[in-house]
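# Geometric and topological summary
Listed here are the chains, written in short residue letters.
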Amino acid sequence: MKPPVRKQIGVIGAGNCSKETRSLAEAVGKEIATKGAVLLCGGLGGVMEAAACGAKQEGGTTIGILPGTCREDANPWIDIAITTGMGHARNSLIAQSSDALIAVSGEYGTLSEIALGLKMGKPVIVLDCKWEIEGIYRVKDPQKAVEFALEIIEGC
């Protein structure tokens, strides 16, 4: 019998972030790992690095879908680095490969990932988001974000 496929939760956010945002992202990563899901992100710095760091602290698996062609560009917490050579277009791969997306704050790249995720019918959960976007789910803390993402995924 084939083992069940592990859920993949995409964590999206800016490549540079404040200490507060970093703390939120790290907590999201920890929660993803403790729930047995795989963390998928853009593989670079800021929110992506903090979330991957949190996941690794809890023994989780991390995947980074990189914009460039060099695996060495991945942050040190990425287990599997996938190079795309696609620049920002790689955001569509992050959205498509994720069962759900959790946005932690973010800038315009994050906004594009939110839009792509919604267009693809993916659940998008946001923490500390400055945009009012129809279809997103707002939550206040990292634990609730991950729990909610998994509830929605398993309900599909």
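Residues numbered from 1 in each chain as written. Predicted model: local features only at pLDDT ≥ 70, side-chain atom pairs only at ≥ 80, totals over all residues. Heavy atoms only, no water.

Under the annotation held in an unreviewed UniProt entry, the protein chain carries the name TIGR00725 family protein and is attributed to Methanosarcina mazei.

### As for the layout of surface pockets
Looking at the largest pocket, its volume works out to about 200 Å³. Around the largest pocket, the lining is made up of 18 residues, and of these Gly-13, Met-48, Arg-90, Asn-91 and Gly-109 lie nearest the centre. Those elements that place two or more of their residues in the lining of the largest pocket are strand S1 (8–12), helix H3 (90–97) and helix H4 (108–119). (1 Å grid on protein atoms, 1.4 Å probe; cavity = no way out; pocket = protein on both sides within 12 Å on 5 of 7 lines; lining within 4 Å. Points joined across faces, edges and corners; volume = space filled by probe spheres on them. Helix = DSSP H or I, 4+ residues; strand = E, 2+ residues; numbered from the N terminus.)

### Some words on the sheet that holds strand S4 (residues 80–83)
Spatially, seven strands are ordered S4-S3-S2-S1-S5-S6-S7 in an open sheet, and the strand pairing comes out parallel. The sheet is open, and its two edges are formed by S4 and strand S7 (137–138), each paired on a single side. In this sheet, strand S5 (residues 100–104) lies alongside S1 in parallel orientation, the contact comprising four bridges. Directly across from Val-11, in S5, lies its bridge partner Ile-102. Set on the sheet, helix H1 (residues 19–34) makes contact with S1, strand S2 (38–41), S5 and strand S6 (124–127); between it and S5 the angle comes to about 155 degrees. (Pairing = 2+ DSSP bridges. Contact = heavy atoms within 4.5 Å. Axes fitted to C-alpha atoms, helices over the stretch in contact; angles between N-to-C directions.)

### Considering the packing of H1 against helix H2 (residues 47–57)
Interhelical geometry of H1 versus H2 gives an angle of 40 degrees and a closest axis separation of 6 Å. In terms of orientation, H1 lies oblique with respect to H2. Considering only the axes of H1 and H2, their crossing is right-handed. When H1 is examined against H2, the residues Thr-21, Arg-22, Ala-25, Glu-26, Gly-29, Lys-30 and Ala-33 are found in contact with a partner set consisting of Val-47, Glu-49, Ala-50, Ala-51, Cys-53, Gly-54, Ala-55 and Gln-57. Of the residues assigned to the contact of H1 with H2, the class counts are seven nonpolar, four polar and four charged. (Parallel < 35°, antiparallel > 145°, perpendicular 65-115°, else oblique. Left-handed = near helix turned anticlockwise from the far one by under 90°. Nonpolar A, V, L, I, M, F, W, Y, C, P; charged D, E, K, R; others polar.)

### Description of the state of the cysteines
Here, the word disulfide means a covalent bond between the sulfur atoms of two cysteines. All told, the structure shown has zero disulfides when counted by the stated rule. With no disulfide of its own, Cys-70 lies 16 Å from the sulfur of Cys-41, the closest cysteine sulfur. Distance from the sulfur of Cys-129, which forms no disulfide, to the nearest cysteine sulfur (Cys-17) is 15 Å. (Disulfide = S-S within 2.5 Å.)

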